[in-house]
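Examination of the molecular architecture
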Amino acid sequence: MEARAYLKFVRISPRKVKIVLDLIRGKDAASARGILKNTPKAASEHLIKLLDRAVADAETNFGMNRDNLYVSECFVCPGPTLKRIRPKDHGRAHRILKRTSHVTIVLKEREI
């Protein structure tokens with residue numbers, strides 16, 4: 001049994017989110033939350049909420065035990081890119097790409 005939680009259209013680059021996701025992959029849910037709490041990255045705030053939501057879903061919908069949960073999968077996919085224009089010198093314009101992310105966390109229960 002597994003519990004999946006998705007976070008879509010987050011206004012942060014997938015490259016930045018991947019760095020933080022690599023820290024928690026394969027960890028227990030409680031230790032993953034502690035790692036996210038103490039990581040000074042912007043993606044940590046979004047991922048703490050997503051992890052908490054995944055744990056709550058696992059308990060409520062699937063009857064899993066909170067103490068046995070671990071992060072079996074976590075990955076990020078690029079979402080749509082917002083294209084903006086920045087004025088530059090001599091009447092030119094440069095494109096600014098504001099990237100978005102779709103994040104997925106999968107929790108499973110450890111076999112005891």
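This text follows the structure it describes.
My aim in this report is to walk through the structure given alongside it, one point at a time.

Criteria and cut-off values
Residues numbered from 1 in each chain as written. Predicted model: local features only at pLDDT ≥ 70, side-chain atom pairs only at ≥ 80, totals over all residues. Heavy atoms only, no water. Buried < 20%, exposed > 50% of the residue type's maximum accessible area, 1.4 Å probe, protein only. Helix = DSSP H or I, 4+ residues; strand = E, 2+ residues; numbered from the N terminus. Arc of directions from axis to C-beta. Contact = heavy atoms within 4.5 Å. Phe/Tyr/Trp six-rings, centres within 6.5 Å; stacked < 30°, edge-to-face > 60°. Lys NZ or Arg CZ within 6 Å of the ring centre and 35° of its normal. Core = buried A, V, L, I, M, F, W, Y, C linked by side-chain atoms within 4.5 Å. Patch = residues over 30% accessible without salt bridge, like charges linked within 9 Å, V, L, I, M, F, W, Y side chains within 5 Å. Areas by Shrake-Rupley, 256 points an atom, 1.4 Å probe, with all protein chains shown as cover. Salt bridge = Lys/Arg side-chain N within 4 Å of Asp/Glu carboxyl O. Lys, Arg positive; Asp, Glu negative; His and termini not counted. Charge placed at Lys NZ, Arg CZ, Asp CG, Glu CD.

Right, let's talk about helix H2 (residues 29-37) for a bit. For H2, the full list of buried residues reads Ala29, Ala32 and Leu36. Taken down its axis, H2 places every buried residue within 60° of arc, on the same side. Exposed side chains of H2 directed beyond 90 degrees from the buried face belong to Ala30 and Lys37. Check the buried side of H2 and you find it contacts helix H1 (14-24), helix H3 (43-62) and strand S2 (69-78).

All chains considered together, the criterion is met by zero aromatic pairs. We note Arg110 situated over the ring of Tyr70; from NZ or CZ to the ring centre the distance is 4.2 Å.

Bringing the nonpolar core into the picture now. Within the largest apolar cluster, 28 residues are counted, with the highest numbers of intra-cluster contacts made by Val17, Leu21, Leu47, Val103, Ile105 and Leu107. Breaking this core down by element, the ones donating at least two residues are strand S1 (2-10), H1, H2, H3, S2 and strand S5 (101-109). Sorting elements by how many residues they give to this core places H3 first, with eight residues. Dropping the residues within four chain positions of it, Val103 is found in contact with Ala5, Tyr6, Leu7, Val17, Leu21, Leu47, Leu50, Phe75 and Val76.

Together, Arg11, Lys16, Lys41, Arg84 and Lys98 give the surface a local cluster of positive charge. Within the element layout of this structure, Arg11 appears in the loop between S1 and H1. We classify Arg11 as partly exposed; its relative accessible area is 45%.

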